[in-house]
Amino acid sequence: MESSLHRYRSQLETTPWFRGLPVELRDYLIAHASLLTLEKGQLLYRRGDQSDGLYAVLGGALAIGTVGVDGKEALLAVLGPTAWVGEISLFDKLPRPHDATAVSRTLLLHVPEPALQSLLDATPGYWRDFALLMAQRLRVSFETSEAMTLLPAAQRVASRLLLIAGGYGGLNATQSKIRLSQDSLASMVSLSRQTTNQLLKSLESQCILSLRFGEIVILDFDRLRAASLGDANP
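Residues numbered from 1 in each chain as written. Predicted model: local features only at pLDDT ≥ 70, side-chain atom pairs only at ≥ 80, totals over all residues. Heavy atoms only, no water.

You'll find the chain entered in an unreviewed UniProt entry as Crp/Fnr family transcriptional regulator, with Paraburkholderia haematera given as the organism.

Now the structure itself:
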């Protein structure tokens, strides 16, 4: 078990937030964690559920969003290794603000609420470290909201792909292969699936990306970045 925990710790330290924590805090989180596996489509938690701690994605991915009363999905993000989720309710003690659902078979590290509260009661200075995680997520949220309001459709798609591939500004590991359906991407950028498909096909024709079943492979990050800025000939 110690060797496996060390392996997961090394994995978590590949992204900035966990790597930047004091070593004692990293030790504590790993020592009080347990592993949880979800199957594809299984809920980790639902909007309105009470907080039960923090989770880190070790394998697979979580879809973060909400389904309205009309059944329409508002998909905010798909977070893979090594993203942490659950810090908002840690701060305000209010119910979960969204659903978290496994996109595929997903392995999670779970640090339970009582262990976190004991730590923070004993060492209040660590609140700042968790605040940095929430601030990072808020910054990404503001950027995506701005893009949704200001950018035309083609730039919106390119910028969202760049954000996901770049690990949401360091929230999780960077990736060139994005496991995401076109339906899910369309939901993220508030476009129809048909429009999203046309824009992806255009990027594919320029050899900026490759489309596969349930997967988008980024081939040229520089030209995708140019497309996100509106360069007509990236």
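The number of helices and strands found in the chain is 11 helices and 11 strands. Against the globule reference of 17 Å for 234 residues, the chain gives a C-alpha radius of gyration of 18 Å, in line with a compact fold. Each of the three principal axes of the chain carries a C-alpha extent, and together these read 55 × 40 × 30 Å. Sequence-distant contacts in the chain: of pairs separated by 6 or more residues, those separated by 24 or more amount to 70%. Within the structure as shown, the chain displays about 11,500 Å² of accessible surface, and the carbon and sulfur contribution to it stands at 55%. (Helix = DSSP H or I, 4+ residues; strand = E, 2+ residues; numbered from the N terminus. Rg over C-alpha atoms; globule rule 2.2 N^0.38 Å. Contact = heavy atoms within 4.5 Å. Areas by Shrake-Rupley, 256 points an atom, 1.4 Å probe, with all protein chains shown as cover.)

In this structure's numbering, the residues bearing the UniProt feature "domain: HTH crp-type" (unreviewed entry) are residues 151-222. Along residues 151-222 the backbone is 56% helical and 14% strand, and the end-to-end C-alpha distance reaches 19 Å. (UniProt positions renumbered as here; feature names shortened; annotations may be inferred.)

What you see with strand 11 (residues 215-218) is no split at all: Glu-215 and Val-217 on one side and Ile-216 and Ile-218 on the other are buried throughout. The pairing of strand 9 (residues 177-178) with strand 11 spans 2 bridges and is classified as antiparallel. Bridge pairing in strand 11 links Ile-178 to Ile-216. (Buried < 20%, exposed > 50% of the residue type's maximum accessible area, 1.4 Å probe, protein only. Pairing = 2+ DSSP bridges.)

With that settled, the discussion passes to the pattern of salt bridges. Under the counting rule described, the total for this entry stands at 12 salt bridges. The salt bridge involving Glu-13 is made with Arg-26; its shortest N-O contact spans 2.9 Å. Here Glu-13 is found in the loop between helix 1 (2-12) and helix 2 (16-19), whereas its partner Arg-26 is found in helix 3 (residues 23-31), with 13 residues between them in sequence. Note that Arg-225 and Asp-222 form a salt bridge whose closest N and O atoms lie 3.3 Å from each other. Here Arg-225 pairs with Asp-222, and both are found in helix 11 (residues 221-228), just 3 residues apart, close to one helical turn. You can call Arg-225 partly exposed: its relative accessible area is 38%. (Salt bridge = Lys/Arg side-chain N within 4 Å of Asp/Glu carboxyl O.)

What follows concerns helix 7 (residues 153-165). The first and last C-alpha atoms of helix 7 sit 18 Å apart over 13 residues, in line with the 18 Å expected at 1.5 Å per residue. Within helix 7, 11 of the 13 residues are buried, leaving the element largely enclosed by the surrounding structure. Once helix 7 ends, the next one or two residues include Gly-167, with phi positive near 80 degrees. (Expected span 1.5 Å × (residues − 1).)

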